[in-house]
Amino acid sequence: MAEVTWQEIAPGVFVRRHVELELNCGLVVGEGRALVVDTRGTEERGEELLAAVREVTTLEPVVVNTHAHYDHCFGNAAFRDSQIYAHTRAADDLRATAEHQREQVVAHFHATERPHLAAQLLATQIVVPHYLVEEDTQIDLGGRSVHLLYGGPAHTDHDLAVAVPDAGVVFWGDVIEQGADPAMEDSFPLAWAATLHALLARPQVKDAPIAVPGHGDVVDRDFVVEQAGRLGMLADTLAEAVAGRVRDVDQLVSTCRGLGLQDATLRHAAMRVLETTDR
Ligand SMILES: [Zn+2]
């Protein structure tokens, strides 16, 4: 198993990629404080992340959760003394879904014979973010600023992207994924591409060459533009089929084949669109 270490992708901007789910956490070091992007999936893993942060900097950490999926925020308990930022709806979502998420992931850990992770997850205290934003928000780290950006519904209805303009870096959360399809289970497939384009046009994003996806390899702006294009084609194809009275998931999936997305991804996307469509 490869050793998990921070990779410095720009001056004072680090990515730590984890084996489980190839999850990326970020660290942006200012002169007064340091921002941690996402906290991993259990309290114990959050503590391990905090220890790794401490190897880089002794500055006070500030945290942002890109969204309320467990792998990005169940480690918050390790950062309970810090300011933890998220979108208002991320906090609502976490309150509403944390126990259901825990149940599902515990079952998954048992099914994949990882009882120690199931135990970790059961022992994890849920800490809901309490510095809540609904629109673009600047955080001063001393000598540099980071920007929390909300572009609209995408992977969830509350994704925040985190831009570090002085370093040309954007942490995208799961709005961008590398190595796997974008995850559609809680998504807004008809809006996702438009949200991405809105974010790509933001002044803090438009000149940033480095893109950190929620999972997978660090990529570049071209990768983000390409993923936005693919999601745009998906949205157009789904919208057209639904306008043509198609209401069958299998039929929607077969209509969307050829876009370079897995059938399972298309199935979730189709179901999400039908949930919000008049029958
Ligand atoms: Zn997610």
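Residues numbered from 1 in each chain as written. Predicted model: local features only at pLDDT ≥ 70, side-chain atom pairs only at ≥ 80, totals over all residues. Heavy atoms only, no water.

For a regular strand, side chains alternate in direction, first toward one face of the sheet and then toward the other. Most of strand β4 (residues 33-37) sits inside the fold, with five of its five residues counted as buried. Residues Arg-33, Leu-35 and Val-37 of β4 are buried on one face, and the alternating residues Ala-34 and Val-36, pointing to the opposite face, are buried as well. Across four bridges, strand β3 (residues 24-29) lies against β4 in antiparallel orientation. Bridging across to β4, Val-29 finds its partner in Ala-34. Of the strand pairs in this sheet, β4 and strand β5 (residues 60-64) are connected by five bridges, and their pairing is parallel. Paired with Val-37 across the bridge in β5 is Val-64. (Buried < 20%, exposed > 50% of the residue type's maximum accessible area, 1.4 Å probe, protein only. Helix = DSSP H or I, 4+ residues; strand = E, 2+ residues; numbered from the N terminus. Pairing = 2+ DSSP bridges.)

So, about the packing of aromatic side chains. According to the stated counting rule, one finds three aromatic pairs in the structure shown. Measuring from ring centre to ring centre gives 5.9 Å for Tyr-70 and Phe-74, while their planes differ by 75 degrees; the resulting arrangement is edge-to-face. Relative to Tyr-131, the ring of Tyr-85 has its centre 5.2 Å away and its plane inclined at 50 degrees; by these criteria the two rings are tilted. Here the residue Tyr-85 occupies a position in strand β6 (residues 84-87), and Tyr-131 occupies one in strand β7 (residues 131-133), the gap between them amounting to 46 residues. Across the ring face of Phe-188, the terminal group of Arg-272 is positioned such that the distance to the ring centre comes to 4.9 Å. (Phe/Tyr/Trp six-rings, centres within 6.5 Å; stacked < 30°, edge-to-face > 60°. Lys NZ or Arg CZ within 6 Å of the ring centre and 35° of its normal.)

On to the side chain of Asp-181, then. Within the secondary structure layout, Asp-181 lies in the loop between β11 (169-173) and α5 (192-200). Arg-230 provides the closest opposite charge to the buried, salt-bridge-free Asp-181, at an N-O distance of 6.3 Å. From its side chain, Asp-181 meets the backbone nitrogen of Gln-262 in a polar contact 2.7 Å long. Excluding its chain neighbours within four sequence positions, the residues that come into contact with Asp-181 are Gly-260, Leu-261, Gln-262 and Thr-265. (Lys, Arg positive; Asp, Glu negative; His and termini not counted. Salt bridge = Lys/Arg side-chain N within 4 Å of Asp/Glu carboxyl O. Polar contact = N/O pair within 3.5 Å; in protein donor to acceptor, adjacent residues only side chain to side chain. Contact = heavy atoms within 4.5 Å.)

So, on to the side chain of Gln-227. The topology assignment puts Gln-227 in helix α7 (residues 221-243). When near neighbours in sequence (up to four residues on either side) are disregarded, Gln-227 contacts Val-175, Ile-176, Glu-177 and Pro-182.

This paragraph deals with the packing of helix α3 (residues 88-111) against helix α4 (residues 115-122). Across the interface, α3 lies against α4 with an axial gap of 7 Å and an inter-helix angle of 165 degrees. Here α4 runs roughly antiparallel to α3, going by the angle between their axes. For the crossing formed where α3 meets α4, the hand is left-handed. Side by side, α3 and α4 meet where Arg-102, Val-105, Val-106, Phe-109 and His-110 of the first sit next to Pro-115, Leu-117, Ala-118, Leu-121 and Leu-122 of the second. Considered class by class, the residues forming the contact of α3 with α4 number eight nonpolar, one polar and one charged. (Axes fitted to C-alpha atoms, helices over the stretch in contact; angles between N-to-C directions. Parallel < 35°, antiparallel > 145°, perpendicular 65-115°, else oblique. Left-handed = near helix turned anticlockwise from the far one by under 90°. Nonpolar A, V, L, I, M, F, W, Y, C, P; charged D, E, K, R; others polar.)

Residues of α4 that are buried include every one of Leu-117, Ala-118, Gln-120 and Leu-121, and no others. Mapping the buried residues of α4 onto a view down its axis gives an arc of 160 degrees, with all of them on the same face. The outward face of α4, more than 90 degrees from its buried face, is lined by the exposed residues His-116 and Leu-122. Against the buried residues of α4 lie α1 (43-56) and α3. (Arc of directions from axis to C-beta.)

Our focus in this paragraph is the packing of α5 against α7. At a minimum axis separation of 8 Å, α5 and α7 run at an interaxial angle of 150 degrees. The pairing of α5 with α7 is recorded here as roughly antiparallel in orientation. The chirality of how α5 crosses α7 is left-handed. Packed against α5, whose contacting residues are Trp-192, Ala-193, Leu-196, His-197 and Leu-200, the element α7 presents Arg-221, Val-224, Val-225, Ala-228, Leu-231 and Gly-232 at the interface. For the contact of α5 with α7, the residue count by class is eight nonpolar, two polar and one charged.

At 2.2 Å from the zinc ion lie its protein donor atoms, namely His-67 (NE2), His-69 (ND1), His-155 (NE2) and Asp-174 (OD). Each of the four donor atoms around the zinc ion contributes to a set of angles spanning 87 to 172 degrees, which defines the coordination as irregular. Read in sequence order, the donor residues coordinating the zinc ion give the pattern H-x1-H-x85-H-x18-D. Placement of His-69 in the loop between β5 and α2 (70-73) and of His-155 in the loop between β9 (145-149) and β10 (161-164) is noted, with a sequence separation of 86 residues between them. Judged by relative accessible area, which is 16%, His-69 ranks as buried. (Donors = N, O, S within 2.8 Å, 3.2 Å for Na, K, Ca; no water. Tetrahedral: all angles 85-135°; square planar, octahedral: opposite > 155°, others 65-115°.)

Let us look at the environment of Leu-261. Checked against the element boundaries, Leu-261 lands in the loop between α8 (249-256) and α9 (263-275). Given the relative accessible area of 10%, Leu-261 is considered buried. Linking Leu-261 and Ala-180, residues 81 residues apart in sequence, is a C-alpha distance of 9.1 Å. If near-sequence neighbours (up to four positions away) are discounted, Leu-261 is found in contact with Asp-181, Pro-182, Arg-230, Leu-234 and Leu-266.

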